[in-house]
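Now for the letters of each chain:
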Amino acid sequence: MLEAPQRAAIRGPTFIRLLARLTATDVPSPTQPLSDRLSHWIDWTHAVALSTALDSRPESDPLADPFAEPASAEAVEADCARVRAALTRAIHEDPAFDPAARRGGASASAGAEDSPDYLFFRQRYLFLQQSMDTAIGLLRSRLRDALAPRSTELARLAAVDASMERALARRERRLLAAAPTLLGPHFERLRANASATSPSSNEPGEPATVSDAWLDSFRRDMRNLLLAELDVRLQPAEGLLSALRTHLPG
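Residues numbered from 1 in each chain as written. Predicted model: local features only at pLDDT ≥ 70, side-chain atom pairs only at ≥ 80, totals over all residues. Heavy atoms only, no water.

Peer 1: So, the overall build of the protein chain: which residues are in play, and what are the values?
Peer 2: Looking only at helices and strands, the protein chain has eight helices and zero strands in total. When the helices and strands of the protein chain are listed from N to C terminus, the series reads α-α-α-α-α-α-α-α. Considering only contacts in the protein chain between residues 6 or more positions apart, those separated by 24 or more positions represent 82%. Taken as a whole, the protein chain presents about 15400 Å² of accessible surface, with 56% of it coming from carbon and sulfur. (Helix = DSSP H or I, 4+ residues; strand = E, 2+ residues; numbered from the N terminus. Contact = heavy atoms within 4.5 Å. Areas by Shrake-Rupley, 256 points an atom, 1.4 Å probe, with all protein chains shown as cover.)

In structure tokens:
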């Protein structure tokens, strides 16, 4: 007997591995170093700004209060934890994951024509992405403000992070916006499989019923993917927080 070919193991963040599994996509290993790929993502104006941030001595903010104390490490860490907890809660409590909140009040156990379509879930996914983008962008700004007054090195790191965020934000949004689109076929595949395996009605004229299990499974997959995406989006903020911890005396 011929064995089915084994898919290559996907390496990388949980978000990438989950997305590859749910979309049944083979993700080839990168053939270029990260620095080479970044060179294609950053245009020359952002490259100049990034080079300036790396090479120059950061200037103090003329509007900053010279007598103001930098935010304590405990306050900064609590801010990061608060943002993560709020976004995690927003994902778990979103209507997309409430079985009673079906689009148009349709039940998944009704006929196929009344079952929810993917548009509702795609809209909720995009809404949660926008919430993450806004909240984490503000968090990174606050982290940079907390780092900059502490030392020249941390001020330079804050300037580099700001330059990188401006340079990569548009491409990052475009790439992450593909996730809900890629998730659509997974939704349809689960629904089709459930319909194909559902028992036919015994009563003439009565529609066949389809179990809710496929929709519960999809909700679980979508929620896990959003939580994994949240981890990816928070990595730059966690890098800044780690730099602050390293800078503080033990």
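Now that the structure has been shown, the text picks up again.
Peer 1: With reference to specific residues and values, describe the packing of aromatic side chains.
Peer 2: Each aromatic ring pair is specified by the distance between its two centres and by the angle formed by the two planes. Enumeration according to the criterion identifies seven aromatic pairs in this entry. A ring pair is formed by F121 and F218, whose centres lie 5.3 Å apart and whose planes are at 80°; its orientation type is edge-to-face. Highlighted residues: F121 in helix α5 (residues 118-147) and F218 in helix α8 (residues 213-247), separated in sequence by 97 residues. Pair check on accessibility: F121 and F218 agree, each one buried. Ring geometry for F187 and W214: centres 5.2 Å apart, planes at 70°, overall edge-to-face. A residue pair is termed long-range when its members are at least 10 positions apart, and F187 in helix α7 (residues 178-197) and W214 in helix α8 qualify at 27 residues. W214 shares its class with F187; the two are buried. Among the aromatic residues, those joined into a cluster by ring pairs are Y118, F120, F121, F187, W214 and F218. In this structure, R223 is placed above the aromatic ring of F97, and the distance from its NZ or CZ to the ring centre is 5.5 Å. (Phe/Tyr/Trp six-rings, centres within 6.5 Å; stacked < 30°, edge-to-face > 60°. Buried < 20%, exposed > 50% of the residue type's maximum accessible area, 1.4 Å probe, protein only. Lys NZ or Arg CZ within 6 Å of the ring centre and 35° of its normal.)

Peer 1: Please give an account of the confidence of the model for the protein chain that cites residues and values.
Peer 2: Averaged over all residues, the pLDDT of the protein chain equals 79, while 64% of them reach at least 70. Below pLDDT 50 for its whole length, residues 1-7 participates in four contacts with residues either more than four positions away or in separate chains. Taken as a whole, residues 103-113 scores under 50 in pLDDT and shows 17 contacts with residues more than four places along the chain or in a different chain. (pLDDT = per-residue confidence, 0-100.)

Peer 1: Describe helix α4 (residues 73-92), listing the residues and the values that go with them.
Peer 2: Here α4 contains 20 residues, and its C-alpha end-to-end distance of 29 Å stays within 8% of the 28 Å for a straight helix at 1.5 Å per residue. Buried residues in α4 make contact with α5 and α8. (Expected span 1.5 Å × (residues − 1).)

Peer 1: Can you break down the environment of L139 residue by residue, with the values?
Peer 2: Its location among the elements puts L139 in helix α5. Separated by 95 residues in sequence, L139 and L234 have C-alpha atoms that sit 9.3 Å apart. Non-local contacts of L139, meaning those with residues more than four positions away in its chain, are made with D79, C80, V83, L234 and A237.

Peer 1: So what about the environment of D117? Which residues, and what values?
Peer 2: With respect to the secondary-structure elements, D117 resides in the loop between α4 and α5. Within polar-contact distance, the side chain of D117 engages the backbone nitrogen of L119 at 3.1 Å. (Polar contact = N/O pair within 3.5 Å; in protein donor to acceptor, adjacent residues only side chain to side chain.)

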